[in-house]
Amino acid sequence: MQTGPPATADTLAGVLAQAAADGGLVSTLANAYERALGFPGVSVAVILLFLVVGVVAATYVVRLLGRPVAKRFARESVAQVVLRGVRAAVVLLFGFAGLNAAGFELGNIVLSVGVFSAVVGIILAPIVGSVISGLFVLADQPFEIGDMVELPDGTRGFVEDITLRYTKIFTVDNTFEVIPNSYVRDHRVTNLSAEDERTRLTLPILVTYESDIARARSLIERAAASCEAVIEGGPGVRIGVARYPAKPTCYIDSFGDHGVEITLRYWARNPYKPLTVRSQVQTAVWNILEDDPDIDVEFAYPHSHLVFDDTSGVAQVAMRDHATVDHDRGTHAHDDSTEN
């Protein structure tokens, strides 16, 4: 009497033996595969296997198309979006192939995806809006990866990445700002380094009415031009149809209550450190006006004069010399020590 596993069609060996007897290796493998799909977890394993192969294949496809796509699209953000789309398409293609191989019919898959997309579209409407806004951002080209931008709240930073859903900004405070593209589209975002990095800065300076205004303007312009981060001169800077002097220029802005306000306009070589450039210019102006006592230019500051007449009442004012004041201070100090 022989013992061992029964040679039935329910076992994989029995299926292979029976299929081989009926004829054809292909039919044998097909029948074995269909019978194997009936085991728990096999369908899921097949889908996961296809997805893993799809991810690996997408990586190689992106590497293969990376350089041609970068040459085709001059903007780095557009090239990255195209490559992300290629990656997603390859993975989805292998995912659908895995579902089909696991026994799911394509018609049912399409119907399920359609219903699921409708439900998700209603729930995730803001994300869909950001994606649509992302398409407009990529088409309108308000900024590019690497540009320095300023947000409506005054935050400055460099564009790190642009996707269909959001724009990532690396701020000058060493933080990340992830902003939905819908916000970028609906609000004013200033691009500080789009084409020409030169940026014009303004510095108001108040000098006294007794100062030599012409000499003050000349000295302030010379002080600004001596700073390394400031453009000393050269061809005028063109903005639209107008041209503006590239060298530092002083203008008489207004006649104030306490002095003449002079406005210094100068061009910085780049917009990355405006406060540093401004501090350097102010230091240079301070040094050139304060170091030489013969310069007839003085900074103005508010002065208050109290005028009393017959209608102002009576004010008791006493004038004492320094010796009297010092003596009074010594007396008060002695009294305090005695009390202690």
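Each remark here, short or long, concerns the structure printed above.
Everything numeric here is computed off the predicted structure, so don't read it as measured data. (Residues numbered from 1 in each chain as written. Predicted model: local features only at pLDDT ≥ 70, side-chain atom pairs only at ≥ 80, totals over all residues. Heavy atoms only, no water.)

> What is the right way to read the layout of surface pockets from this model?
Any empty space left between the atoms is revealed when a probe the size of a water molecule rolls over them. In this structure, the largest pocket occupies an estimated 150 Å³ of space. Along the walls of the largest pocket sit Thr208, Tyr209, Glu210, Asp257, His258, Glu298, Phe299, Tyr301 and His303, which together make up its complete lining. Broken down by class, the residue content of the lining of the largest pocket amounts to 3 nonpolar, 3 polar and 3 charged. (1 Å grid on protein atoms, 1.4 Å probe; cavity = no way out; pocket = protein on both sides within 12 Å on 5 of 7 lines; lining within 4 Å. Points joined across faces, edges and corners; volume = space filled by probe spheres on them. Nonpolar A, V, L, I, M, F, W, Y, C, P; charged D, E, K, R; others polar.)

> Would you mind going over the environment of Phe176 with me for this structure?
You can see Phe176 is positioned in strand E4 (residues 176-180). With a relative accessible area of 46%, Phe176 lands in the partly exposed category. Separated by 17 residues in sequence, Phe176 and Val159 place their C-alpha atoms 9.9 Å apart. Filtering out sequence-adjacent residues up to four positions away, Phe176 remains in contact with Glu160, Lys168, Ile169 and Phe170. (Helix = DSSP H or I, 4+ residues; strand = E, 2+ residues; numbered from the N terminus. Buried < 20%, exposed > 50% of the residue type's maximum accessible area, 1.4 Å probe, protein only. Contact = heavy atoms within 4.5 Å.)

> I would appreciate a short explanation of a negative patch on the surface in the present structure.
On the surface, Glu210, Asp212, Glu290, Asp291, Asp292, Asp294, Asp296 and Glu298 cluster together into a patch of negative charge. Take Glu210: it is sitting in the loop between strand E6 (199-207) and helix H8 (213-225). (Patch = residues over 30% accessible without salt bridge, like charges linked within 9 Å, V, L, I, M, F, W, Y side chains within 5 Å. Areas by Shrake-Rupley, 256 points an atom, 1.4 Å probe, with all protein chains shown as cover. Salt bridge = Lys/Arg side-chain N within 4 Å of Asp/Glu carboxyl O. Lys, Arg positive; Asp, Glu negative; His and termini not counted. Charge placed at Lys NZ, Arg CZ, Asp CG, Glu CD.)

> Help me out: how do you make sense of helix H9 (residues 274-290) in this one?
Residue pairs spaced three or four apart in an α-helix point in one direction, given the helix's 3.6 residues per turn. Between the first and last C-alpha of H9 there are 24 Å, a value that for 17 residues agrees with the 24 Å anticipated at 1.5 Å per step. Looking only at H9, the buried set comprises Val277, Val281, Ala284, Val285 and Leu289. For H9, the angular spread of buried residues about the axis comes to 120°, placing them on one side. Turned more than 90 degrees from where H9 packs its buried face, Leu275 and Trp286 sit exposed. (Expected span 1.5 Å × (residues − 1). Arc of directions from axis to C-beta.)

> What exactly am I supposed to notice about unusual backbone geometry here?
Glycine aside, the phi torsion of most residues is negative, and most peptide linkages are trans. Of note in the backbone geometry, Asn174 takes a positive phi value of approximately 65° without being a glycine. With respect to the secondary-structure elements, Asn174 resides in the loop between strand E3 (166-171) and E4. On the accessibility criterion, Asn174 (59% relative accessible area) is exposed.

> Would you mind going over the packing of aromatic side chains with me for this structure?
Scanning the model with the defined rule gives 3 aromatic pairs in all. For the cation-ring pair, Arg200 lies above Tyr244, with the distance from its terminal atom to the ring centre recorded as 5.1 Å. (Phe/Tyr/Trp six-rings, centres within 6.5 Å; stacked < 30°, edge-to-face > 60°. Lys NZ or Arg CZ within 6 Å of the ring centre and 35° of its normal.)

> Can you help me understand the sheet that holds strand E9 (residues 249-255) in this one?
Picture the strands of a sheet paired through backbone hydrogen bonds; they go either parallel or antiparallel. Read from one edge to the other, the open sheet built from 3 strands follows the order E6-E10-E9, with strand pairing classed as antiparallel. Edge strands, defined here as strands with exactly one partner in the open sheet, are E6 and E9. Across the sheet, the mean angle from the axis of one strand to that of its neighbour is 25°, orientation sign disregarded. Pairing of E9 with strand E10 (residues 260-268) involves 6 bridges; the strand directions are antiparallel. When the bridges of E10 are listed, Ser254 appears paired with Glu261. In this fold H9 packs onto E6 and E10, with an angle of close to 35° to the strand it touches most, E6. (Pairing = 2+ DSSP bridges. Axes fitted to C-alpha atoms, helices over the stretch in contact; angles between N-to-C directions.)

> Just checking my understanding: could you explain the packing of H8 against H9 for this structure?
The description of two helices packed together rests on the angle between their axes and the distance between the axes. It is the contact of H8 with H9, at a shortest axis distance of 8 Å, that shows an interaxial angle of 135°. The orientation of H8 with respect to H9, classified from their angle, is oblique. Helix-helix and strand crossings are classified by hand; for H8 and H9 the assignment is right-handed. Across the interface between the two elements, Leu219, Ile220, Arg222, Ala223 and Ala224 of H8 pack against Val281, Ala284, Val285, Ile288 and Leu289 of H9. Residue composition of the contact of H8 with H9, by class: 9 nonpolar, no polar and 1 charged. (Parallel < 35°, antiparallel > 145°, perpendicular 65-115°, else oblique. Left-handed = near helix turned anticlockwise from the far one by under 90°.)

> What's the story with the pairing of E10 in this structure? I'm lost.
In the case of a regular strand, side chains alternate between the two sheet surfaces. Extensive coverage of E10 is indicated by the burial of 7 of its 9 residues. With 9 bridges connecting them, E6 and E10 associate as antiparallel partners. Opposite Arg200, over in E10, you have Trp267 as the bridge partner. Connecting E9 to the antiparallel partner E10 that follows it, the hairpin turn spans 4 residues.

> What should I look at first to understand the sheet that holds E4 in this one?
Taken in spatial order, the 5 strands line up as E4-E3-E2-E1-E5 in an open sheet, and their pairing is antiparallel. Sheet topology places E4 and strand E5 (190-191) at the edges, where each strand pairs with a single neighbour. Across 5 bridges, E3 lies against E4 in antiparallel orientation. Across the sheet, residue Ile169 finds its bridge partner in E4, namely Glu177.

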